Amino acid sequence: MFKYIDCIDAGSPYCPCELASKGECIICSQLHGKEFCDCLNWKGTCIYQEFLWNGCKSKKIREFKKFKIEKREYFREDILKLDIKVNKELSRDLNNIGAFVFLKNEKDAEFFSTPISILNSDIETDIITVVIKREGIKSKALFECEDEILVKGPYFNGIQGQKYLNELKNNSCLILSRGIASAPAVLAAKKLKINKNEVYVFLDRGRSRQNFSKPYFLSLGCIVEDVSFLNTDGELKYEYKKQIEQLIKKWNFKTVLSAGSDDFHEKVINFIYGIDKYINFATVNNSTMCCGEGICGSCIIKGRNNVKIRACKQQYNPKEVFLRGI
Amino acid sequence: MKVVVIGGGWSGCAAALEAKKCGADVLLIERTDMLLGLGNVGGIMRNNGRYTAAQEMIELGGGDLFELADKCARHKNVEFPGHKHATLYDVIKMEPTVRRYLLEKNINILFEARVVDVELERNSIKGIYLYDGTFIEGDVFIETTGSTGPMGNCLRYGKGCSMCILRCPSYGPRISISKRAGVEDILGMRGDDSYGAMSGSCKLNKESLSDEIRESLERDGVYIIEIPKEDVNLEKLNMKVCQQYALKEFAENIVLLDTGHAKLMTSYYPLEKLRKIPGFENVRFEDPYSGGKANSIRYLSMAPRDNSMKVTGVDNLFVGGEKSGLFVGHTEAFPTTLRQ
Ligand SMILES: Cc1cc2nc3c(=O)[nH]c(=O)nc-3n(C[C@H](O)[C@H](O)[C@H](O)COP(=O)(O)OP(=O)(O)OC[C@H]3O[C@@H](n4cnc5c(N)ncnc54)[C@H](O)[C@@H]3O)c2cc1C
Ligand code: FES
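For clarity, every value in this text was computed on a predicted model and none was experimentally measured. (Residues numbered from 1 in each chain as written. Chains lettered and ligands numbered in written order. Predicted model: local features only at pLDDT ≥ 70, side-chain atom pairs only at ≥ 80, totals over all residues. Heavy atoms only, no water.)

> How would you explain the sheet that holds strand E10 (residues 172-178) of chain A if you had to name every residue and give the values?
Strand order in the open sheet formed by six strands is E9-E14-E13-E10-E11-E12 (chain A), and the pairing between neighbours is mixed. Looking at the sheet topology across the chains shown, the edges are occupied by strand E9 (159-160) and strand E12 (223-227) of chain A. (Pairing = 2+ DSSP bridges. Helix = DSSP H or I, 4+ residues; strand = E, 2+ residues; numbered from the N terminus.)

> Give me the lowdown on the site of ligand 1, citing residues and values where you can.
Residues and elements named next belong to chain B. Near ligand 1 you find 39 residues, and of these Ser-11, Glu-30, Ile-44, Lys-263 and Glu-322 are the closest. In the model, a nitrogen atom of ligand 1 is placed 2.9 Å from a nitrogen or oxygen of the Val-115 main chain. Considered on its own, ligand 1 offers 1000 Å² of accessible surface; in the complex 98% of this is hidden by protein. Of all elements in the fold, only helix H1 (10-21) and helix H12 (330-338) reach the threshold of two or more residues within the shell around ligand 1. Grouping the constituent residues of the shell around ligand 1 by class yields 13 nonpolar, 17 polar and nine charged. Two domains each put at least three residues into the shell around ligand 1: domain 1 (2-192 + 296-338) and domain 2 (199-287). (Near = heavy atom within 4 Å. Polar contact = N/O pair within 3.5 Å; in protein donor to acceptor, adjacent residues only side chain to side chain. Areas by Shrake-Rupley, 256 points an atom, 1.4 Å probe, with all protein chains shown as cover. Nonpolar A, V, L, I, M, F, W, Y, C, P; charged D, E, K, R; others polar. Domains from an automatic or database assignment.)

> Before we move on, could you go through the pairing of strand E11 (residues 198-204) of chain A and cite the residues and values that matter?
All names here are of chain A. Taken across its seven residues, E11 has six buried, putting it largely inside the fold. With seven bridges joining them, E10 and E11 adopt parallel strand pairing. Residue Ser-177 lies in a different strand from E11, and its bridge partner there is Leu-203. Tracing the backbone out of E10, into helix H6 (residues 182-194) and back to the parallel element E11 gives a crossover that is right-handed. Pairing of E11 with E12, which is carried by five bridges, proceeds in the parallel orientation. Across the sheet, the residue bridging to Leu-203 is Asp-226, located in E12. At this point the chain moves from E11, through helix H7 (residues 214-219), to the parallel E12, and the crossover so formed is right-handed. (Buried < 20%, exposed > 50% of the residue type's maximum accessible area, 1.4 Å probe, protein only. Right-handed = clockwise from strand over helix to strand, strands pointing away.)

> So what's going on with the side chain of Lys-267 of chain A? Which residues, and what values?
Residues and elements named next belong to chain A. Relative to the helices and strands, Lys-267 is located in helix H9 (residues 262-275). Looking at Lys-267, its side chain comes within polar contact range of the main-chain oxygen of Gly-234, at 3.1 Å. Every residue in contact with Lys-267, bar those within four places of it in the chain, is listed here: Leu-230, Gly-234, Glu-235 and Leu-236. (Contact = heavy atoms within 4.5 Å.)

> With reference to specific residues and values, describe the layout of surface pockets.
In this structure, the largest pocket encloses a volume near 1300 Å³. Sorting the residues of the lining of the largest pocket by element identifies strand E2 (65-76), strand E5 (114-117), strand E7 (127-133), helix H4 (137-143) and H6 of chain A as the ones contributing at least two each. Along the lines of polarity and charge, the residues of the lining of the largest pocket split into 19 nonpolar, 17 polar and eight charged. Lining the lining of the largest pocket are residues from two domains, each supplying at least three of them: domain 1 (65-155) and domain 2 (159-286) of chain A. Space inside the second largest pocket adds up to approximately 840 Å³. For the lining of the second largest pocket, the elements supplying multiple residues, two or more each, are strand E16 (308-310) of chain A together with strand E7 (115-121) of chain B. Sort the elements by how many residues they give to the lining of the second largest pocket and E7 of chain B lands first, with four residues. For the lining of the second largest pocket, the per-class residue count stands at 15 nonpolar, five polar and eleven charged. (1 Å grid on protein atoms, 1.4 Å probe; cavity = no way out; pocket = protein on both sides within 12 Å on 5 of 7 lines; lining within 4 Å. Points joined across faces, edges and corners; volume = space filled by probe spheres on them.)

> Describe the nonpolar core, naming the residues involved and giving the relevant values.
Membership of the largest hydrophobic core comes to 35 residues, with the highest contact counts inside it found for Trp-10, Leu-65, Met-94, Val-98 and Leu-102 of chain B. Only strand E1 (2-6), H1, strand E2 (25-29), helix H2 (50-59), helix H3 (64-71), helix H4 (91-104), strand E10 (140-143) and H12 of chain B provide two or more residues apiece to this core. The dominant element in this core, judged by the number of residues it contributes, is H1 of chain B, at seven residues. Filtering out sequence-adjacent residues up to four positions away, Trp-10 of chain B remains in contact with Leu-36, Gly-39, Leu-65, Tyr-89, Met-94, Val-98, His-330, Ala-333 and Phe-334 of chain B. Membership of the second largest hydrophobic core comes to 27 residues, among which are Val-131, Ile-159, Ala-189 and Leu-257 of chain A. (Core = buried A, V, L, I, M, F, W, Y, C linked by side-chain atoms within 4.5 Å.)

> Talk me through the packing of aromatic side chains; I want residue IDs and the actual numbers.
As enumerated under the stated definition, the model contains 19 aromatic pairs over all chains in all. Their ring planes at 45° and their centres at 4.9 Å tell us that Tyr-129 of chain B and Phe-135 of chain B sit as a pair that is tilted. Accessibility expressed as a relative area gives 7% for Tyr-129 of chain B, which makes it buried. Exposure remark for Phe-135 of chain B: the relative accessible area of 31% places this residue in the partly exposed category. Counting every residue linked through ring pairs, the aromatic cluster contains Tyr-200, Phe-202, Phe-229, Tyr-240, Trp-251, Phe-253 and Phe-264 of chain A. The ring of Tyr-14 of chain A carries Arg-62 of chain A above its face, with NZ or CZ at 4.0 Å from the centroid. A cation over an aromatic ring shows up here: Lys-163 of chain A above the ring of Tyr-4 of chain A, its NZ or CZ 5.9 Å from the ring centre. (Phe/Tyr/Trp six-rings, centres within 6.5 Å; stacked < 30°, edge-to-face > 60°. Lys NZ or Arg CZ within 6 Å of the ring centre and 35° of its normal.)

> Report on empty space enclosed by the protein, specifying residues and quantitative values.
Evaluated as defined, the whole model comprises six cavities of 30 Å³ or more. Computed from the structure, the second largest cavity encloses a volume of approximately 120 Å³. Lining the second largest cavity are 16 residues, with Cys-28, Cys-37, Cys-39, Trp-42 and Cys-46 of chain A sitting closest to its centre. Put simply, the parts of the chain that give the lining of the second largest cavity at least two residues each are helix H2 (47-53) of chain A together with helix H5 (151-157) of chain B.

> Describe H4 of chain B, naming the residues involved and giving the relevant values.
Residue and element names in this part refer to chain B. Taking 1.5 Å per residue as the helical rise, H4 with its 14 residues ought to reach 20 Å, and the 21 Å between its terminal C-alpha atoms agrees with that figure. Taken together, the buried positions of H4 are occupied by Val-91, Met-94, Glu-95, Thr-97, Val-98, Tyr-101 and Leu-102. Elements in contact with the buried residues of H4: H1, E2, H3, strand E5 (83-89) and strand E6 (108-110). If you check the start of H4, you find a side-chain oxygen 2.9 Å away from the backbone N of Ile-92, and it comes from Asp-90. Immediately downstream of H4, the backbone of Asn-106 shows phi near 60°, a positive value. (Expected span 1.5 Å × (residues − 1).)

> Any chance you could break down the interface of chain B and chain A for me, citing the residues and the numbers?
Across the boundary between the two partners, chain B contributes 28 residues, which contact 19 residues of chain A. Summing both sides of the interface, chain B and chain A together bury roughly 1900 Å²; the carbon and sulfur share of this comes to 57%. One can count three salt bridges joining chain B with chain A. Two residues, Asp-117 of chain B and Lys-3 of chain A, come together in a salt bridge whose shortest N-O distance is 3.9 Å. Mapped by element, the contributors of at least two residues to the side of chain B that touches chain A are E7, strand E8 (124-130), H5, helix H6 (168-171) and helix H7 (177-180) of chain B. The element contributing the most residues to the side of chain B that touches chain A is H5 of chain B, with six residues. In terms of residue class, the side of chain B that touches chain A is made up of 16 nonpolar, four polar and eight charged. (Buried area = accessible area lost by both parts, 1.4 Å probe. Salt bridge = Lys/Arg side-chain N within 4 Å of Asp/Glu carboxyl O.)

> For the pairing of strand E3 (residues 79-85) of chain A, give the residues involved together with the corresponding values.
Residues and elements named next belong to chain A. Here E3 lies mainly inside the structure; six of its seven residues are buried. Hairpin remark: E2 followed by E3, antiparallel, with two residues in the connecting loop. Strand direction decides the pairing type here: E3 and E7, joined by seven bridges, are antiparallel. Residue pairing across strands places Lys-85 opposite Ile-127, the latter belonging to E7.

In structure tokens form, the structure reads like this:
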């Protein structure tokens, strides 16, 4: 299988990062303890050159900045939407597939910082929209933010397999979405639409009457179908399997975006691979993250041959991670 | 049989041609938009022993490329320090000529297609992957990716990227295919224990030289002028790839050859110093663009192989040109692949 390795920050203003200065760069062999070039993914700049010309130091690290909360709205008692007014630079950067930020209440300590996906970034008004589900300690702390909030960003690795979404032009894409993970799928759909793709969304309504993201998908011009994917055993229901199979035959999707939990990704990918093994997948990144800079290791998952993947920075082919028995 | 040639330099072109003559279905894959690789900035043929080599190859029936190079000659029978009866081909005419010739022979060529990985099945290569994940199967693979660069190597072992004809930033770095197949590269070592060697010549824009120099270059093919004593740098010779041009005469004189551009027989030359020389007041570099500072680093990737040019440890991978050993020139790049 094609070894798809990428660092989402490679070649960006945040590259080389601390990994490079410690000899752990994901892409560059010379910055990974080797003496010769064996570049794993060329993005148009030489990371080693950037490192040397930057005085053998890493570039600046992203820092928290305080921004105003323009609007708070509850979609459900445990689902909160925030509109945050940020600056021009950040709103532009965050208007990209897979964009996310770390959020934190000013009064809380550093380790409360929580990765949250961008649902929309309006580059006219510089307002970013995020949706937070109350789950654990960190998200609870964010519910307490009233007027202001600390934002650190931009980060870009909120969706894995971005390559397969970016390469779609005048094509079609299927999004299977469930729960809070539909927020990054909305931003992905926006970009897919700009590239003149038809976007077909199967949206799980969960406990609510409809998923909070439905109006967003509709306003983008996506075709949306309300579903309830799982049966009582937690398996994909037969009726939707049939429907998905028919849709795939009809639309010939090259890429499917799975926007749910890792468990959901696994079910979706294995099922669809069984229908057509050439379909590519993109998945919403659910890894537990703490630093977002590749340092703390909390996001590390195992890929093929048990290789470690720092999921906060590294892009992988979702098939390598979620497909069983290959 | 499907033969996939990786790298469209002189040796890749020679390999593709020869495989085609043997009746194979041939695909030549090149990462840039041009064939010939370093051959786009060379030009010297038939100097000294290479004359015999060229004649022998022609007699043996493998002379196509030598004859094309003769056809593109700007000058024949040129003499310069240490070298006799050289032919200088026109680097501007050479690439399109070879390209048309290969296409006429029905060789398929993929441009702007960088090979990044291989799929192995036991000790054989089943296929290769292009940068975008495209999988290409084949029966036999010939690696002719050269041994130059990429940027990080030119930086660590040289004086940084000099923006040479390989254009790494635009087309992505050279990759050692044999290494991706699990075979460690052999490296060239310099006298001082460091690796690689610097390309030994650069090119000046001919229009930027005085009329007198340009006329004499175009008439004789060669122009020689003494370097001011204070600027002579003998040390630079040690860094050179082509030790046949590492003679004192090349450190004490500016030796220019007419290959379409004015080929300057030294690795690099600070522009400020160069402009002190009479007739060079307006001079600028044509290749590498930063020839005032540096040149490309070579010999950082050679595959261990047997005498049939097969890579040790891989059943269906062959190598040619610089990738197959310390072969320093065009003349050597042709036959290393013809043997296969
Ligand atoms: C400035 C300069 C002047 C020279 N002058 C002369 C001269 O006058 N006379 C002489 O005889 N010799 C000269 N030489 C030496 C001569 O050019 C080389 O030895 C010879 O051309 C090497 O040929 P090659 O095919 O082995 O490698 P290269 O020419 O390096 O070709 C390798 C090719 O492979 C491609 N490639 C690399 N990686 C990949 C990949 N992963 N996927 C696809 N493609 C890939 C490259 O783009 C390139 O086109 C000169 C060299 C230089 C640098
Ligand atoms: S979140 Fe810290 S290493 Fe990835």
